[in-house]
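Commentary on secondary and tertiary structure
These are the residues of each chain, in order.
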Amino acid sequence: MPTQIFLASTLYGAATLAAGIDAGAFPPAGRRILLTSNHAVTAEVTPGVADMPGFAALRTRFDEVLDWNRVIEPQHPSTWAPRAEDVPIWERQLRSLWGLGEDRVELVVESLQVPPAQTLCRLFPGAAVDVYADGLMSYGPTRFRLDPQLGMRVRRVLHVDLVPGLKPLLLTEFGAREELVPTESFLKVLAELAEATETPEAPEAPRAEPPALLLGQYLSALDLMTLAEEEELHVSMVRGAHALGHRELVFKPHPGAPAAYSRRAEEEAERLGARLTVIAAPVLAETLYQRLRPALVVGCFSTGLLTAATLYGLPVARTGTDAVLARLTPYPNSNRVPLALVDALLPDLADAEAVRAWTPPTPEQVRAEPAALLTAVGFTMQPQILAARRPAAEAYLAQHLDARTRRYFTRRRLTSLGLPGGIPAQLSFLPRSRAVRRAVRRLGRVRRALS
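Notes on the structure in this doc start here. (Residues numbered from 1 in each chain as written. Predicted model: local features only at pLDDT ≥ 70, side-chain atom pairs only at ≥ 80, totals over all residues. Heavy atoms only, no water.)

1. Overview of the overall build of the protein
Assigned secondary structure in the protein consists of 19 helices and twelve strands. Expected size for 451 residues packed as a compact globule is a radius of gyration near 22 Å; at 23 Å, the protein falls within 12% of this value. Projecting the C-alpha coordinates of the protein onto the three principal axes gives extents of approximately 65 × 65 × 50 Å. Counting the 451 residues in the protein, one finds 53% classified as buried. Relative to all contacts within the protein whose residues are 6 or more apart in sequence, the contacts with residues 24 or more apart total 72%. Accessible surface, the protein as shown: approximately 20,400 Å² in total, 53% of it carbon and sulfur. (Helix = DSSP H or I, 4+ residues; strand = E, 2+ residues; numbered from the N terminus. Rg over C-alpha atoms; globule rule 2.2 N^0.38 Å. Buried < 20%, exposed > 50% of the residue type's maximum accessible area, 1.4 Å probe, protein only. Contact = heavy atoms within 4.5 Å. Areas by Shrake-Rupley, 256 points an atom, 1.4 Å probe, with all protein chains shown as cover.)

Right, here's the structure in full:
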């Protein structure tokens, strides 16, 4: 039987893998290795997956837990990749270091487009590959055109059913089949995590009322907004939850965020007369869902919003998605799909009536429009990779592009692709005209020469 190597960089991802193993999603193996990778900029002082609260509950699914950072130090997992001529040497080194011998190896990785997942797959060129989704981003298209020798090795894309009725676009260009990790298995693993996790800031004792839970994402670290803008986003979460009648608030910052990250939110809560508790421990949001059963979960475009709504049946609201969408660059930024899905599916925190009346869409409703929206957004992001989706994207834009859906696209992008919603229909031939493109290039050269 093969040796299976599972690569995980987050506790959520490790929980997804554990749920897949419990559900029999992976064939029997002679040995199962969990290879953890810490992607933090300061990985030396930032807790890794194996150091996170509750990890011991997941550890039992694997024969060994190994640390990728230690293998390649002082290189960083998010950037290091071997030279092509060094791959055979590295494979021999890893087989010796991990005691693999001549074992047949199977890889289960996340984010195949970038290191360390792509690096690991290159180092074992003969290994079959499964990809698992760690959040909403995997509903979108493959971020870069992959080498077919790598892409054709992918057998499956496994994912939790966060949006019932929606199928990922990831790696569909290689015919990788989509497979669900059973929700019941995932919830069982999350329950084990919650039971094994201590969160002193969130006591089990009942509160006067269920709190509203506010989710931080540390978007400033991704250059999606400035730190001041993100702090203002947290303030808007406090104000919005307070306006809906919530006086008990819990803020869960991103594990990598600085300590001062929640200060303005705390000041605003105090000014409004609300009680705000900050969860300093690096726990999963899902652990807090089970511990606190919040009356409302608020965030920007966190995957946690969909797990709250879909898996736990909790009320949710979004805020700030329109502002982030308006400034998101470059256009193929992989955050565009999570933003579009959360914005399209969830109610705006500022709309009290919508928040109170909201219910999760049924699979039939998702297949009717959000799935078509995903196809259109995915195609405009990666038109070469998803070339076969062009007719579907054109049909969606022709029928559904209006004031509400316009925020998911830019006129410049639609124009450059010759899609509905770009320049006026009578001029739609221009983006595809070679003569026009030559004239534009010539004009650009003249302008640069004169400047």
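2. Here's the deal with a positive patch on the surface
Together, Arg434, Arg438, Arg441, Arg442, Arg445 and Arg448 line one region of the surface with positive charge. Along the chain, arginine 448 falls in helix α19 (residues 434–450). (Patch = residues over 30% accessible without salt bridge, like charges linked within 9 Å, V, L, I, M, F, W, Y side chains within 5 Å. Salt bridge = Lys/Arg side-chain N within 4 Å of Asp/Glu carboxyl O. Lys, Arg positive; Asp, Glu negative; His and termini not counted. Charge placed at Lys NZ, Arg CZ, Asp CG, Glu CD.)

3. Details of empty space enclosed by the protein
With the rule as written, the count across this model stands at one cavity of 30 Å³ or more. Empty space within the largest cavity amounts to approximately 30 Å³. Surrounding the largest cavity, Tyr12, Ala133, Gly135, Tyr139, His159, Val160 and Leu162 form its lining. Tallied by class, the residues present in the lining of the largest cavity amount to five nonpolar, two polar and no charged. (1 Å grid on protein atoms, 1.4 Å probe; cavity = no way out; pocket = protein on both sides within 12 Å on 5 of 7 lines; lining within 4 Å. Points joined across faces, edges and corners; volume = space filled by probe spheres on them. Nonpolar A, V, L, I, M, F, W, Y, C, P; charged D, E, K, R; others polar.)

4. Re the sheet that holds strand β2 (residues 31–36)
Here seven strands make up an open sheet; going across it, the order is β3-β2-β1-β4-β5-β6-β7 and the pairing parallel. Pairing within the sheet leaves two strands with one partner each, and these edge strands are β3 (64–67) and β7 (177–181). Pairwise comparison of adjacent strand axes, ignoring direction, gives a mean angle of 25° for this sheet. With six bridges connecting them, strand β1 (residues 3–8) and β2 associate as parallel partners. When the bridges of β2 are listed, isoleucine 5 appears paired with isoleucine 33. (Pairing = 2+ DSSP bridges. Axes fitted to C-alpha atoms, helices over the stretch in contact; angles between N-to-C directions.)

5. Thoughts on the environment of aspartate 130
As for its position among the elements, aspartate 130 is in strand β5 (residues 128–132). In this structure, the C-alpha to C-alpha distance between aspartate 130 and valine 108, residues 22 residues apart in sequence, is 4.7 Å. When residues no more than four places from it in sequence are discounted, the contact partners of aspartate 130 are Phe26, Leu107, Val108, Val109, Arg155, Arg156 and Leu158.

6. Remarks on unusual backbone geometry
Following glutamate 73, the chain continues to proline 74 via a peptide bond in cis, the omega torsion being 10°. Structurally, proline 74 is set in the loop between α3 (68–72) and α4 (87–97). Note that the residue after proline 115, namely proline 116, is joined by a cis bond; omega there is 5°. At tyrosine 218, a position not held by glycine, the phi torsion is positive, near 60°. Looking at the element boundaries, tyrosine 218 is found in the loop between β8 (212–215) and α8 (227–243). Since its relative accessible area comes to 21%, tyrosine 218 is described here as partly exposed.

7. A look at the packing of helix α1 (residues 11–22) against helix α7 (residues 183–196)
In contact at an axis separation of 8 Å, α1 and α7 are set at 125° when each is read in the N-to-C sense. One finds that α1 runs oblique with respect to α7. Between α1 and α7 lies a crossing whose hand is right-handed. Residues Leu11, Tyr12, Ala15, Thr16, Ala18, Ala19 and Asp22 of α1 touch α7, and the partners they reach there are Ser185, Phe186, Lys188, Val189, Leu190 and Leu193. (Parallel < 35°, antiparallel > 145°, perpendicular 65-115°, else oblique. Left-handed = near helix turned anticlockwise from the far one by under 90°.)

8. Section: the pattern of salt bridges
Any two side chains of opposite charge can pair, so long as their charged atoms come close to each other. Applying the stated rule across the entire model yields 26 salt bridges. The shortest N-O distance in the salt bridge between arginine 95 and glutamate 91 comes to 3.2 Å. With arginine 95 and glutamate 91 both in helix α4, this residue pair falls four residues apart, about one helical turn. Residue arginine 95 shares its accessibility class with glutamate 91, and that shared class is buried. Across the pair arginine 367 and glutamate 364 runs a salt bridge whose closest N-O atoms are separated by 3.6 Å. Residue arginine 367 and its partner glutamate 364 are located together in helix α15 (residues 363–368), separated by three residues, close to a single helical turn. According to the relative accessible area criterion, arginine 367 is partly exposed, its value standing at 49%. Overall, glutamate 364 belongs to the exposed group, its relative accessible area being 51%. Among the charged side chains, a salt-bridge network with shared partners connects Arg104, Glu106, Asp130, Arg155, Arg156, Arg177 and Glu179.

9. Section: the packing of α7 against helix α10 (residues 285–292)
At their nearest, the axes of α7 and α10 sit 9 Å apart, and the two run at 75° to each other. The angle between α7 and α10 falls in the class roughly perpendicular. On α10, the residues that touch Leu190, Ala191, Leu193, Ala194 and Glu195 of α7 are Glu286, Thr287, Gln290 and Arg291. For the contact of α7 with α10, the per-class residue count stands at four nonpolar, two polar and three charged.

10. Considering the environment of threonine 277
With respect to the helices and strands, the residue threonine 277 is situated in strand β10 (residues 275–278). As for threonine 277 and proline 53, which are separated by 224 residues in sequence, their C-alpha atoms are 19 Å apart.

11. Description of α1
Because an α-helix packs 3.6 residues into every turn, residues spaced three or four apart end up facing the same way. Here α1 spans 16 Å end to end across twelve residues, near enough to the 16 Å set by a 1.5 Å rise per residue. Here α1 has its buried residues at Leu11, Tyr12, Gly13, Ala14, Ala15, Thr16, Leu17, Ala18, Ala19, Gly20 and Ile21. Immediately downstream of α1, the backbone of glycine 24 shows phi near 75°, a positive value. (Expected span 1.5 Å × (residues − 1).)

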